[in-house]
Amino acid sequence: MYSYQAPEDLLKDRVIMVTGAGDGIGRAAAKAYAAHGATVILLGRTLEKLEQVYDEIERACHPQPAIVPMNLEGASEHEYQELAATLEQEFGRLDGLLNNAGILGLRTPIDSYDPTVWQQVMQVNVNGTFMLTQALLPLLKQSEDASIIFSSSGVGRQGRAYWGAYSVSKFATEGMMQVLADEVENVCKIRVNCINPGATRTNMRTTAYPGEPPTNNPTPSQIMPLYLYLMGPDSQGVNGQSLDAQG
Ligand code: NAP
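Residues numbered from 1 in each chain as written. Predicted model: local features only at pLDDT ≥ 70, side-chain atom pairs only at ≥ 80, totals over all residues. Heavy atoms only, no water.

## Let's talk about the site of the ligand
Then comes step 1: The environment of the ligand is formed by 29 residues, the closest being Thr 46, Lys 49, Asn 71, Tyr 166 and Thr 202.
Then comes step 2: Gly 198 places a main-chain nitrogen or oxygen 3.3 Å from an oxygen atom of the ligand.
Then comes step 3: Here the ligand has 900 Å² of accessible area as a free molecule, and 93% of this is covered by the chains.
Then comes step 4: Examining the composition of the shell around the ligand, we find that three residues originate from one element, helix 6 (residues 203-208), more than from any other.
Then comes step 5: When grouped by side-chain class, the residues that make up the shell around the ligand number 10 nonpolar, 13 polar and six charged. (Near = heavy atom within 4 Å. Polar contact = N/O pair within 3.5 Å; in protein donor to acceptor, adjacent residues only side chain to side chain. Areas by Shrake-Rupley, 256 points an atom, 1.4 Å probe, with all protein chains shown as cover. Helix = DSSP H or I, 4+ residues; strand = E, 2+ residues; numbered from the N terminus. Nonpolar A, V, L, I, M, F, W, Y, C, P; charged D, E, K, R; others polar.)

## Brief notes about the packing of aromatic side chains
Then comes step 1: Counted according to the given criterion, the structure contains four aromatic pairs.
Then comes step 2: Plain terms: the ring middles of Trp 163 and Tyr 166 are 5.7 Å apart, the flat faces sit at 45° to each other, and that makes the pair tilted. The pair Trp 163 / Tyr 166 is uniform in exposure class, with both members buried.
Then comes step 3: Pairwise contacts between aromatic rings join Trp 163, Tyr 166 and Tyr 209 into one cluster.
Then comes step 4: Here Arg 107 stacks its cationic end above the ring of Trp 163, 3.9 Å away from the centre of that ring. (Phe/Tyr/Trp six-rings, centres within 6.5 Å; stacked < 30°, edge-to-face > 60°. Buried < 20%, exposed > 50% of the residue type's maximum accessible area, 1.4 Å probe, protein only. Lys NZ or Arg CZ within 6 Å of the ring centre and 35° of its normal.)

## Some thoughts on the packing of helix 4 (residues 115-141) against helix 5 (residues 164-184)
Then comes step 1: Close contact between helix 4 and helix 5 brings their axes to 8 Å; oriented N to C, the two are set at 20°. With respect to helix 5, the axis of helix 4 lies roughly parallel. In this structure, helix 4 crosses over helix 5, and the sense of that crossing is right-handed. Mapping the contact onto sequence places Trp 118, Val 121, Met 122, Asn 125, Val 126, Thr 129, Phe 130, Thr 133 and Leu 137 in helix 4 and Gly 164, Ala 165, Tyr 166, Val 168, Ser 169, Lys 170, Ala 172, Thr 173, Met 176 and Leu 180 in helix 5.
Then comes step 2: Each residue belonging to the contact of helix 4 with helix 5 can be placed in one class, and the counts come to 12 nonpolar, six polar and one charged. (Axes fitted to C-alpha atoms, helices over the stretch in contact; angles between N-to-C directions. Parallel < 35°, antiparallel > 145°, perpendicular 65-115°, else oblique. Left-handed = near helix turned anticlockwise from the far one by under 90°. Contact = heavy atoms within 4.5 Å.)

This is the structure:
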């Protein structure tokens, strides 16, 4: 899976949403999915970044993407429902959802963790991700072969000092994945899994490890094999797993 070589047409005719598509791993995934034939819906909070990704996909002559400017921190249940209705109207289908958007919050001990930041992290990484996924489930259930991927972390499997809300939110993400995977098993054609990207060269990594030379870690585009494998039909039957993008 870490060395998976995706056929060029892996995601042909599929419609796939990527959250946090304007930067880092989400940007690389959006471009990789488009390069393999998908119509990608780029969701994120910074319009200019989404427009850059849109332009790059268009310039590469891949299927025309769509942009959804949305902030997972403040969006209401109603806005998620509206988004689902718009997708159904515009595309008539949804075959994949990469829940990638996330924030780091603070690297401080629990005893001094700012409760406002704690709530922001939980809102983006857990509650917003839940509400978006819930709203899109009816559309995903209509697909003949749908995949939902959640983004986890090493600190979502083993807690570590000073990782605070981020670590707790990733434990919750692993839990959300397991609960949903069990609910869809043998019920519909959706598979649900987690990816732990591992240390990857992005703004989030630099913020978490300011002293680390960025070149120590792979770029987002170098960890795409697992993102492609889990999104495409070769992973049919893989459900409820938490996998490492770097082996
Ligand atoms: P990143 O470079 O910080 O990118 C995160 C993306 O999420 C950005 O596009 C950001 O938008 C978007 N986002 C953040 N808050 C949002 C909100 N409220 N609403 C909508 N979009 C929002 O992070 P990354 O390193 O690519 O991380 C991607 C995922 O992998 C995250 O879930 C992270 O926890 C996980 N992860 C990363 C690493 C690593 O080493 N990089 C390791 C383990 C897990 P803006 O561009 O507007 O900021």
